Amino acid sequence: MGVKVTDLPPLQIDYTGQRLAGVDEVGRGPLVGSVVAAAVILDPARPIDGLTDSKKLTARKREALDSLIRERALAFTVAEASAAEVDQLNIYHATHLAMRRAIDGLVPAAEYLLVDGNRLPGHALPGQAVVKGDARHPAIAAASILAKVARDAQMVALDMRYPEYGFARHKGYPTKEHLSALAVHGPLADHRRSFAPVQRQLALL
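Numbering of residues starts from 1 in every chain and runs along the sequence as written. At least 70 in pLDDT is required for a residue's local features to be given in this predicted model, at least 80 for side-chain atom pairs to be given and counted, and no such filter applies to totals for whole chains, interfaces and linings, which use all residues. Side-chain figures throughout are based on the complete set of non-hydrogen atoms in the structure, without hydrogens or water.

1. Here's the deal with the packing of helix α1 (residues 59-72) against helix α4 (residues 138-161)
A pair of packed helices is captured by two measures, namely the crossing angle of their axes and the spacing between those axes.
So, point 1. Axis separation between α1 and α4 bottoms out at 9 Å; the angle between their running directions is 120°. Along this stretch, α1 crosses α4, giving a crossing that reads as left-handed. Residues Arg 62, Glu 63, Leu 65, Asp 66, Ile 69 and Arg 70 of α1 form the contact with α4, whose own contacting residues are Ala 142, Ile 145, Leu 146, Lys 148, Val 149 and Asp 152.
So, point 2. Along the lines of polarity and charge, the residues of the contact of α1 with α4 split into six nonpolar, no polar and six charged. Lines fitted to the C-alpha atoms define the axes, with helices restricted to the stretch that makes contact. Angles between their N-to-C directions range from 0 to 180 degrees. In this text, helices come from DSSP runs of H or I with a minimum length of four residues, and strands from runs of E with a minimum of two, each type numbered from the N-terminal end. Crossings are assigned a handedness: left-handed for a near helix turned anticlockwise from the far helix by less than a right angle, right-handed for a clockwise turn. We call two residues contacting when some pair of their heavy atoms lies within 4.5 Å. Gly is placed with the polar residues, together with every amino acid not listed as nonpolar (Ala, Val, Leu, Ile, Met, Phe, Trp, Tyr, Cys and Pro) or charged (Asp, Glu, Lys and Arg).

Here it is, written out as C-alpha cells:
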C-alpha cells in the first residue's frame with residue numbers, strides 16, 4: 001500500500017509571498033511520446049474550486065478545470081521532454097528537464113517552487129518537494145491537471161495517425177492492448193527505445 005494523504009503531516013510551506021509555483025508531470029510510465037510537465041502560479045484573488053489530483057477527476061472535469069486554470073492563474077506553462085530526450089537522458093532526468101522548462105516559462109517568474117514527489121528538479125529557485133503534492137496543494141493539483149490534459153491530447157492526436165495502436169484508450173501506457181499492438185505492428189518513431197518492452201520488439205526486427 002502507498003502512503004495515504006491522511007497519513008501525512010499538514011503541509012508546511014517556507015514561503016508567504018504571491019509567486020509560489022506548483023509543478024507536476026505526467027507521462028513517466030508510458031512507452032511512447034513526451035513526458036509533460038506544468039508549472040502554475042495561482043491567483044489568490046481568483047480561487048478555483050475542485051482542484052485535486054488529476055487522476056481522481058473525469059476527463060470532462062479535467063478539461064473544464066484546465067480552461068479555468070488558464071483563465072484565472074497568474075501564470076502557467078506546459079513544457080515537455082521528447083521521447084528522444086527520454087532515451088538520451090533516462091526518464092528521471094528527462095522529467096526534471098521538462099519541469100525546469102515549465103518553471104523557466106513562467107511570466108511573471110516564480111519565487112518559490114512546490115514540486116510533486118520526493119525530489120526537486122535541480123532548478124536555481126528555492127522550493128520543496130511534496131509527496132502526494134497534487135492532493136495536498138491546489139497549485140500542484142493545477143499543474144497536474146494542465147500536464148494531464150496536454151499529454152492526453154497528444155495521445156489522441158497520435159491515435160488519429162496510428163489508430164491500430166489504441167493510444168486514445170491507453171494513453172501510451174504498457175497495457176495488454178498496447179503491448180499486443182507493438183508485437184504486431186512494431187515500434188513507431190514516437191516510441192521510447194530505452195523502455196524494455198520497446199527494446200524487446202526492436203531486437204526482433
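Structure's up, so let's keep going.
2. Thoughts on the UniProt feature "binding site: a divalent metal cation" (unreviewed entry) in the protein chain
So, point 1. UniProt positions are given in the numbering used here, feature names are shortened, and annotations may be inferred rather than shown by experiment. Taking the UniProt record as the reference, the feature "binding site: a divalent metal cation" (unreviewed entry) is found at Asp 24, Glu 25 and Asp 116. In sequence the annotated residues extend across 93 residues, while in space they remain close, none of their C-alpha pairs exceeding 8.0 Å.
So, point 2. When sequence neighbours within four positions are dropped, the list of residues in contact with Asp 24 reads Val 36, Ala 37, Ala 38, Met 99, Asp 116, Asp 134, Ile 140, Ala 143, Ser 144 and Ala 147.
So, point 3. Within the secondary structure layout, Asp 116 lies in strand β4 (residues 112-116).
So, point 4. Overall, the relative accessible area of 18% leaves Asp 116 in the buried class.
So, point 5. Apart from the residues lying within four places of it in its own chain, the contact partners of Asp 116 are Val 23, Asp 24, Met 99, Val 130, Lys 132, Gly 133, Asp 134 and Ile 140.
So, point 6. A polar atom in the side chain of Asp 116 sits 2.8 Å from the backbone nitrogen of Gly 133. Here the term buried applies to any residue with accessible area under 20% of the maximum for its type, exposed to any over 50%, and partly exposed to those in between, with areas from a 1.4 Å probe on protein chains only. Pairing of N or O atoms within 3.5 Å defines a polar contact, subject to two protein rules: one partner must be a possible hydrogen donor and the other a possible acceptor, and residues neighboring in sequence count only if both atoms are side-chain atoms.

3. Side note on helix α7 (residues 196-204)
So, point 1. Turning to α7, its buried residues number three or more, namely Pro 197, Val 198 and Gln 201. Within α7, the buried residues cover an arc of 100° as seen down the axis, which keeps them to one side. Across α7 from its buried face, at more than 90 degrees, point the exposed residues Arg 200 and Ala 203.
So, point 2. Structurally, α7 contributes buried residues whose contacts are with α6 (176-185). The arc in question is formed by the directions pointing from the helix axis toward the C-beta atoms.

4. With respect to α6
So, point 1. Every buried residue of α6 is listed here: His 178, Ala 181 and Leu 182. Around the axis of α6, the buried residues are gathered within 105° of arc, so they sit on the same side. Opposite the buried face of α6, by more than 90 degrees, sit the exposed residues Lys 176 and Val 184.
So, point 2. Residues of α6 that are buried in the fold lie against α5 (167-170) and α7.
So, point 3. Positive backbone phi, at 80°, marks Gly 186, one or two positions downstream of α6.

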